[in-house]
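Chain by chain, the residues run as shown.
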Amino acid sequence: MSELINEFNAYRTKMNGAILEDNNKIIKRIFNLDTNAFAEGALDKKTKELLGLVASTVLRCDDCVKYHLEACYKEGLTKEQVVEALGISTLVGGTIVIPHLRKAYEYWDALETTER
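Owing to the predicted nature of the structure, the values given are computational and were not obtained by experimental measurement. (Residues numbered from 1 in each chain as written. Predicted model: local features only at pLDDT ≥ 70, side-chain atom pairs only at ≥ 80, totals over all residues. Heavy atoms only, no water.)

*Asks:* What am I meant to see in helix H6 (residues 98-111) here?
*Replies:* Along an α-helix, residues three or four apart share an orientation, since each turn contains 3.6 residues. The first and last C-alpha atoms of H6 sit 20 Å apart over 14 residues, in line with the 20 Å expected at 1.5 Å per residue. Residues of H6 that are buried include every one of His100, Leu101, Ala104, Tyr107, Trp108, Ala110 and Leu111, and no others. Of the surrounding secondary structure, the elements contacted by the buried residues of H6 are helix H1 (3-21), helix H4 (62-74) and helix H5 (79-93). (Helix = DSSP H or I, 4+ residues; strand = E, 2+ residues; numbered from the N terminus. Expected span 1.5 Å × (residues − 1). Buried < 20%, exposed > 50% of the residue type's maximum accessible area, 1.4 Å probe, protein only. Contact = heavy atoms within 4.5 Å.)

What follows is the structure, given as structure tokens:
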């Protein structure tokens with residue numbers, strides 16, 4: 001797996017563990033809400049992950065973009081589907097999203113070198 005992906009996932013796992021160790025009820029509930037929001041429901045997981053990707057890109061959260069890109073990849077979405085969603089992100093977010101789009105492309109390219 002790409003060093004870019006390994007570093008992101010290792011840091012995320014480490015820091016999520018540190019955050020959850022504090023046992024703050026509000027933070028734990030937000031983490032739980034986030035997990036449950038992306039579960040299969042009236043919308044399938046693929047659609048929800050694309051929605052998360054668009055929102056994360058528009059909000060310019062690179063960590064969130066990486067997280068949703070990886071989830072999209074694991075759900076079996078194609079590059080064409082992801083790029084179409086990123087196009088919507090750029091339309092909604094404007095040109096200020098372009099630096100985050102670059103990072104998204106870099107991360108997707110790294111994901112494509114891994115096994116699903």
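*Asks:* Help me out: how do you make sense of the layout of surface pockets in this one?
*Replies:* The method is simple in principle: a probe with the dimensions of a water molecule rolls over the atoms, and the space it marks as empty is what remains. Taken as a whole, the largest pocket holds about 690 Å³ of empty space. Lining of the largest pocket is provided by 26 residues; of these, Arg12, Asn16, Asp34, Tyr67 and His68 occupy positions nearest its centre. Looking at the lining of the largest pocket, the elements with two or more residues in it are H1, helix H2 (25-37), helix H3 (45-58) and H4. With eight residues, H1 is the largest single contributor of residues to the lining of the largest pocket. The residue makeup of the lining of the largest pocket, split by class, is eleven nonpolar, seven polar and eight charged. (1 Å grid on protein atoms, 1.4 Å probe; cavity = no way out; pocket = protein on both sides within 12 Å on 5 of 7 lines; lining within 4 Å. Points joined across faces, edges and corners; volume = space filled by probe spheres on them. Nonpolar A, V, L, I, M, F, W, Y, C, P; charged D, E, K, R; others polar.)

*Asks:* What exactly am I supposed to notice about a nonpolar patch on the surface here?
*Replies:* Taken together, the side chains of Ile19, Leu20 and Ile27 define a hydrophobic patch exposed on the protein surface, amounting to about 190 Å² of accessible area. Positionally, Leu20 belongs in helix H1. Residue class for Leu20 comes out partly exposed when judged on its relative accessible area of 31%. (Patch = residues over 30% accessible without salt bridge, like charges linked within 9 Å, V, L, I, M, F, W, Y side chains within 5 Å. Areas by Shrake-Rupley, 256 points an atom, 1.4 Å probe, with all protein chains shown as cover. Salt bridge = Lys/Arg side-chain N within 4 Å of Asp/Glu carboxyl O.)

Any functional reading would require information beyond the geometric quantities listed.
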